[in-house]
Amino acid sequence: MLYFSTWKTVAVLALCALGILFALPNVLPQSVRDKYPSWFPARTVVLGLDLQGGSQLLLEVDGEALRRSRQIALQEDVRRVLREARIGTTAIQLNGNTVSATLRDPGQKVLALEKLRTLATPVGTTLFGGSGPVEVDISSPSDRVVAATLTEAALQARIRSAVDQSLQIVDRRVNELGTVEPSIQREGADRILLQVPGLQDPQRLKDLLGQTAKLEFRLVDLSMPAEQAAAGRPPDGAEVLQEDRGGGQTTPILVEKRVLVSGEDLTDAQAGFSSQTNEPIVNFKFNTKGARAFGEVTQANVGKPFAIVLDNKVISAPRINEPITGGQGQISGNFTVQSANDLAVLLRAGALPAPLTVIEERTVGPGLGQDSIDAGTRATWYAALFVVVFMFATYGVFGFFANIALTIHVIFIFALMSLLGATLTLPGIAGIVLTIGTAVDSNVLIYERIREEYRAGRNMVSAIDAGFRHAFAVIFDSNSTMAIAAIILFMLGSGPVRGFAVVFLLGILTTVITAVTMTRMMIAVWYRRTRPQTMPF
């Protein structure tokens, strides 16, 4: 029978109060929200790029650079393994993905193959938890030659892993800027779509993302002048890099290829000012492993210049005056305040596994976003107005109850989006308009079933109870099919499509609460108060 217990009524009213509480900050000015107590909900729905303007970058992970670095690393690994095993070679050549080593003594071929097989390790894991593809194939083309070849499957696995790692690092770097709710997602096999609402000048963003931020500490090679090495051939184990002298000026400097300490061991980096010159610097701190290595290196090389290399460019090359054993240091150079801050951001976020190339750039002005908001708001109001008029004209007081439930339905959507920190885009507004129609559709199903039951001879209470009970199965099935479609859109879609799917899913969830439970409560209260004798529609 038509009955709604007191505790259910209290629960529904409390839920409505919470919805209004969480949705309220969206209609209050910032000055009012700033006065909220700390425990009071103050989160608002974040407007997407198409509503408040901002910058969008489509980035591509440089797979060729990653491939090349793996080829060079394999060549160095082959040289290291054979040298440690005291296996003499006349040449170690790199040809594509294959490193070939020509042996002095053919009798050492079996030993060389055995040692090189230690490089044939799997890369990552498979979907089902097994080992990934083997990175290196070891072979012997002739009696004097052993070869190590990078497998294509392993290279592709490394590229996929590089994209996943780049997603995390891009997220950390962008969030360090203090921007609001950036959208960072994968596009295809090797691309990343980055949307930063509210950022009108993307140049600083591109500068941050255009650097891999690979920090290395190496010794300066003093065996010959850098100019002579640049004009001829540098010594084995050394290379010529460019040192930044400020004002766009660079000079060549000869540094060892051997990396003594890597930036991977950094735990923190902060911009500051030198206590001696008051110039901008970057203070850094190592973890335990890095602090120990940095202390050993500086202790063993007192008096020698120490090159600080960022992305194969020497920032500075100070002389080691004394051992640095505290795990902390400073990077000085020709920094401005902003460049020091940006370098600190890069070092805190970590190095990218491969360079990122900007292949598409868009900037959306706030005026276009405001036009979209105005158009979407008008569309929402018009849709709601026509639905309200139709429901009231068709179903009378029952339509009025449906309209109240519809209002609470929209409030719930904004409350949930605020609570989840979801981003509202223009397709999201379309999703709200669509859920307005689907929400009252559930009420139409219930009311038409009530009308059928009443005309079939049931009394009013029995007809209302039967209408809600029998229509619920149809409502649940129809909303389930729509939810399945929305979930697929969310999983397979990207950008605005996912924004539409999120709003639509939230609308489906709140529809079941408002159209069924809340409407039934209002009708039960109405019936107990008025005791009508005939159906009002």
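A. Fine view of the environment of T407. Tracing the chain through its elements places T407 in helix α12 (residues 397–420). A residue is classified by how much of its surface remains accessible, and T407, at 46% relative accessible area, is partly exposed. Put simply, T407 and I436 are 29 residues apart on the chain and 9.1 Å apart in space, counted from C-alpha to C-alpha.

B. Focus on the packing of aromatic side chains. Under the criterion given, the structure shown has 16 aromatic pairs. Seen in terms of ring centroids, F217 and F284 are 5.6 Å apart; in terms of plane orientation they differ by 45 degrees. Their pairing is tilted. In this pair, F217 is assigned in strand β9 (residues 215–219) and F284 in strand β14 (residues 280–286), connecting sequence segments 67 residues apart. In this structure F284 comes out as buried when scored by relative accessible area, which is 4%. Ring geometry for F284 versus F286: centroids 5.3 Å apart, planes at 75 degrees, classification edge-to-face. Taken together, the ring pairs connect Y395, F398, F400, F401, Y447 and W526 into an aromatic cluster.

C. Broad picture of the sheet that holds strand β4 (residues 98–103). If you walk across this open sheet you meet the four strands as β3-β4-β6-β5, and the pairing is antiparallel. At either margin of the open sheet sits one strand with a lone partner, and together these are β3 (89–95) and β5 (136–139). Averaged over all pairs of adjacent strands, the angle between their axes in this sheet comes to 15 degrees, without regard to strand direction. Direction of pairing for β3 relative to β4: antiparallel, over a ladder of six bridges. Paired with A91 across the strands is T102, a residue of β4. In the packing of helix α4 (residues 63–84) onto the sheet, contacts are made with β3, β4, β5 and β6 (145–150), and the angle to β3 comes to roughly 165 degrees. Sitting on the sheet, helix α5 (residues 109–116) is in contact with β4, β5 and β6, with an inclination near 15 degrees to β6.

D. Spotlight on the side chain of Q195. Structurally, Q195 is set in strand β8 (residues 191–197). Sequence-distant contacts of Q195, that is, excluding residues within four places in its chain, are made with L49, S55, Q56, P182 and S183.

E. A look at α5. Along α5, the residues that are buried comprise A112, L113 and L116. Along the axis of α5, the buried residues cluster in a sector spanning 100 degrees; they form a single face. Buried positions along α5 lie against α4, β4, β5 and β6.

F. Looking closely at the pattern of salt bridges. Overall, the coordinates contain 17 salt bridges when judged by the stated rule. For R158, the salt bridge identified is with E135, shortest N-O distance 2.7 Å. With R158 in helix α6 (residues 152–176) and E135 in the loop between α5 and β5, this residue pair connects regions lying 23 residues apart in the sequence. Residue classification places R158 among the partly exposed residues on the basis of a relative accessible area of 30%. Looking at E135, the relative accessible area reads 5%, which means it is buried. Across the pair R218 and E239 runs a salt bridge, and its minimum N-O distance is 2.6 Å. Of the two residues, R218 sits in strand β9 while E239 sits in strand β10 (residues 238–246), which places them 21 residues apart along the sequence. The exposure class assigned to R218 is buried, which follows from its relative accessible area of 3%. Here the salt bridges share partners, and the residues they tie into one network are E64, R67 and E152.

G. Spatial organisation of the sheet that holds strand β17 (residues 328–332). Pairing is antiparallel in the open sheet, where three strands are placed in the order β13-β14-β17. The sheet is open, and its two edges are formed by β13 (266–273) and β17, each paired on a single side. Put simply, the sheet's adjacent strands are angled 25 degrees from each other on average, direction ignored. In this structure, β13 lies alongside β14, joined through seven bridges in antiparallel fashion. In the strand pairing of β14, G272 is matched with I281.

H. Broad picture of the packing of helix α13 (residues 426–455) against helix α15 (residues 496–530). Look at α13 against α15: their axes get within 8 Å of each other, and the N-to-C directions meet at 30 degrees. Viewed along their axes, α13 and α15 adopt a mutual orientation that is roughly parallel. In this structure, the crossing between α13 and α15 has a hand that is right-handed. Residues that form the contact of α13 with α15 fall into these classes: 14 nonpolar, 10 polar and no charged.

I. Examining α15 more closely. Taking 1.5 Å per residue as the helical rise, α15 with its 35 residues ought to reach 51 Å, and the 48 Å between its terminal C-alpha atoms agrees with that figure. The sharpest bend along α15 comes to roughly 30 degrees, located at T510. A positive backbone phi angle near 50 degrees is found at R531, which sits one or two residues after α15.

J. Representation of the environment of A23 in the model. Structurally, A23 is set in helix α1 (residues 6–23). Residues A23 and F412, 389 residues apart in the sequence, show an inter-C-alpha distance of 7.4 Å. Excluding residues within four positions of it along the chain, A23 makes contact with I411, F414 and A415.

The rules behind these values
- Residues numbered from 1 in each chain as written.
- Predicted model: local features only at pLDDT ≥ 70, side-chain atom pairs only at ≥ 80, totals over all residues.
- Heavy atoms only, no water.
- Helix = DSSP H or I, 4+ residues; strand = E, 2+ residues; numbered from the N terminus.
- Buried < 20%, exposed > 50% of the residue type's maximum accessible area, 1.4 Å probe, protein only.
- Phe/Tyr/Trp six-rings, centres within 6.5 Å; stacked < 30°, edge-to-face > 60°.
- Pairing = 2+ DSSP bridges.
- Axes fitted to C-alpha atoms, helices over the stretch in contact; angles between N-to-C directions.
- Contact = heavy atoms within 4.5 Å.
- Arc of directions from axis to C-beta.
- Salt bridge = Lys/Arg side-chain N within 4 Å of Asp/Glu carboxyl O.
- Parallel < 35°, antiparallel > 145°, perpendicular 65-115°, else oblique.
- Left-handed = near helix turned anticlockwise from the far one by under 90°.
- Nonpolar A, V, L, I, M, F, W, Y, C, P; charged D, E, K, R; others polar.
- Expected span 1.5 Å × (residues − 1).
- Bend = angle between axes of the 7 residues up to and from the residue.

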